[in-house]
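As a plain string of letters, each chain reads:
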Amino acid sequence: MVRLLNGITGNNLLLYKVILTSIVFALAGVQVFFAARLWDVSSFPPISAASAARVHRVSGRLAVTLGAVVALTCLAGPAGPLSPTRVLLHSIFGTAVFVILTVKFAVLKVLRSGGNALPYIGTALFLGFAGIWATTVADYVTSR
Amino acid sequence: MPGLPELRLDLASCMAQDTEVEKVRHPAGIAVTALWAALAVAAPVVIAERQARGSGAPPAGRNTVVMAQITFRPSTLVVDKGSHVLFVNKDVAPHTVTAASLGIDSGVINPGKGFRLVVNQAVDYVCTIHPSMKAKLLLRA
């Protein structure tokens, strides 16, 4: 699969993953702002809570879809090593994001209760994406 | 705070709409939750399985570069001009041997596979999948 994707991307699979990961991280930041508006914690962005909820839902779906694409290429490809420390941390953050997403979707779609925990789950999710970004994109940029 | 009651009504109305939508999408919601749960389990399983398969990388032999633990070993290899260098992937992840400026590209070398290169000049090379992996081949004077 990695060979196929490397071919499709003109041997630039890592660059594409870096770009997608950065987009997902940016969307995770957007999610925080719109969630804060949705929960009436902030008046920014200056739109109605209902509109903030819609944007939050759409950008969230886009973020998790793109994130899933990157995650699957990681699992099919380079996943496995636990050293150096950066790689170990990346594996921990990646797995943690899967677990947090499972909890979030269980709360939202299966249990349909415990909504008060969503801000904490969302914060943890943002920090997880931040950890993933920091342990991959930052390394990619600094090693160039 | 002016306008707050209106905003709360707005939020309540939005959540009410969500509730209607959720009722229709419930099976899909369960499927998506199950997908994330599967990935949460798959990630550590994949890592553990590859760790078990790829542990114990042997030391590099003469004119051999071993890829292990996200490094090229040795990081500098001195060889005679025209000699063959064998790159062996003993890691649990795929790697490449790439020196773009010299037109050298092994393509993806999967775990357990190798790549042979005839060395006619000094080569600084990297793995394009793990760009922190850098090493060089030098010609014996």
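A quick note: this is a predicted structure, and the numbers were derived from the prediction, not measured.

1. Some remarks on the interface of chain B and chain A
(1) Moving on: Each partner contributes residues to the interface: chain B has 35 residues there, and chain A has 38 residues.
(2) Moving on: In terms of residues, the side of chain B that touches chain A owes the most to one element, helix H1 (residues 4-54) of chain B, which gives 22 residues.
(3) Moving on: A breakdown of the residues in the side of chain B that touches chain A according to their chemical character gives 21 nonpolar, 9 polar and 5 charged.

2. Some thoughts on the sheet that holds strand E4 (residues 83-89) of chain B
Residues and elements named next belong to chain B.
(1) Moving on: Ordered by their spatial adjacency, 4 strands build an open sheet running E2-E1-E4-E7, and the pairing between neighbours is mixed. What marks the edges here is a single partner per strand, and that holds for strand E2 (71-73) and strand E7 (114-119). Sheet twist, expressed as the average angle between the axes of neighbouring strands with direction ignored, equals 25°.
(2) Moving on: As defined by bridge partners, strand E1 (residues 64-68) adjoins E2 across 3 bridges and the pair is classed as antiparallel. Bridged to Met67 within E2 is Phe72.

3. Some words on the domain arrangement of chain B
Residue and element names in this part refer to chain B.
(1) Moving on: On domain assignment, one finds that chain B holds domain 1 (1-55) and domain 2 (64-139).
(2) Moving on: Domain 1 puts 4 residues into the contact, and the matching count from domain 2 is 4 residues.
(3) Moving on: Here the side of domain 1 that touches domain 2 is composed, by residue class, of no nonpolar, 2 polar and 2 charged.

4. Let's talk about the nonpolar core
(1) Moving on: Counting 25 residues, the largest nonpolar core has B:Met67 and B:Phe87 as the members making the most contacts within it.
(2) Moving on: For this core, the leading source of residues is E1(B), giving 4 residues.
(3) Moving on: Sequence-distant contacts of B:Phe87, that is, excluding residues within four places in its chain, are made with B:Val65, B:Met67, B:Val97, B:Ser106, B:Ile109, B:Gly114, B:Phe115 and B:Leu117.
(4) Moving on: Core analysis: the second largest hydrophobic core is formed by 23 residues, A:Phe25, A:Ala79, B:Val32 and B:Leu39 among them.

5. Overview of the pairing of strand E9 (residues 134-139) of chain B
Residue and element names in this part refer to chain B.
(1) Moving on: As paired elements, strand E3 (residues 76-79) and E9 share 4 bridges and run parallel to each other. Paired with Thr76 across the bridge in E9 is Lys136.
(2) Moving on: When strand E8 (residues 123-126) meets E9, the two strands line up antiparallel, connected through 4 bridges. Residue pairing across strands places Tyr125 opposite Ala135, the latter belonging to E9.

6. Some words on the packing of helix H2 (residues 13-38) of chain A against helix H5 (residues 118-134) of chain A
All names here are of chain A.
(1) Moving on: Their axes nearest at 9 Å, the elements H2 and H5 cross at an angle of 155°. In terms of orientation, H2 and H5 fall into the roughly antiparallel class. Seen along the crossing, H2 lies across H5 with a hand that is left-handed. In this structure, H2 uses Thr21, Ser22, Val24, Phe25, Ala28, Gln31, Val32 and Ala35 to contact H5, whose residues at the interface are Pro119, Gly122, Leu125, Phe126, Phe129, Ala130, Ile132 and Trp133.

7. Re unusual backbone geometry
(1) Moving on: A:Phe44 connects to A:Pro45 through a cis peptide bond whose omega is 0°.
(2) Moving on: For A:Pro45, the location among the structural elements is in the loop between H2 and helix H3 (49-76).
(3) Moving on: In this structure, the amide linkage connecting B:Arg73 to the following residue, B:Pro74, adopts the cis form with an omega of 0°.
(4) Moving on: Structurally, the position occupied by B:Pro74 is in the loop between E2 and E3.
(5) Moving on: Look at A:Arg112: it is not a glycine, yet its phi comes out positive at around 55°.

8. Side note on the packing of helix H4 (residues 85-111) of chain A against H5(A)
Residues and elements named next belong to chain A.
(1) Moving on: Close contact between H4 and H5 brings their axes to 9 Å; oriented N to C, the two are set at 155°. It follows from the interaxial angle that H4 and H5 lie roughly antiparallel. At the point where H4 passes H5, the crossing takes the left-handed sense. On the side of H4, the interface is formed by Leu89, His90, Phe93, Gly94, Ala96, Val97, Ile100, Leu101, Val103, Lys104 and Val107, while H5 contributes Leu118, Ile121, Ala124, Leu125, Gly128, Phe129, Gly131 and Ile132.

9. Remarks on the environment of A:Ala124
(1) Moving on: Position of A:Ala124 among the secondary structure elements: in helix H5.
(2) Moving on: As for A:Ala124 and A:Ile100, which are separated by 24 residues in sequence, their C-alpha atoms are 7.4 Å apart.

10. Comments concerning the confidence of the model for chain A
(1) Moving on: Here chain A averages 89 in pLDDT, while 99% of its residues score no lower than 70.
(2) Moving on: Mean pLDDT per element in chain A: helix H1 (residues 2-8) of chain A is the minimum at 75, and H5(A) is the maximum at 94.

11. Focus: H5(A)
Residue and element names in this part refer to chain A.
(1) Moving on: When the terminal C-alpha atoms of H5 are compared, their 24 Å separation across 17 residues agrees well with the 24 Å that a helix rising 1.5 Å per residue should span.
(2) Moving on: All buried positions along H5 are accounted for by Gly122, Leu125, Gly128, Phe129 and Ile132. With its buried residues spanning 120° around the axis, H5 presents them on a single face.
(3) Moving on: Against the buried residues of H5 lie H2 and H4.

Cut-offs used in this document
- Residues numbered from 1 in each chain as written.
- Chains lettered and ligands numbered in written order.
- Predicted model: local features only at pLDDT ≥ 70, side-chain atom pairs only at ≥ 80, totals over all residues.
- Contact = placed C-beta atoms within 7 Å.
- Helix = DSSP H or I, 4+ residues; strand = E, 2+ residues; numbered from the N terminus.
- Nonpolar A, V, L, I, M, F, W, Y, C, P; charged D, E, K, R; others polar.
- Pairing = 2+ DSSP bridges.
- Axes fitted to C-alpha atoms, helices over the stretch in contact; angles between N-to-C directions.
- Domains from an automatic or database assignment.
- Core = buried A, V, L, I, M, F, W, Y, C linked by C-beta atoms within 7 Å.
- Buried ≥ 20, exposed ≤ 12 C-beta atoms within 10 Å, placed from the backbone.
- Parallel < 35°, antiparallel > 145°, perpendicular 65-115°, else oblique.
- Left-handed = near helix turned anticlockwise from the far one by under 90°.
- pLDDT = per-residue confidence, 0-100.
- Expected span 1.5 Å × (residues − 1).
- Arc of directions from axis to C-beta.

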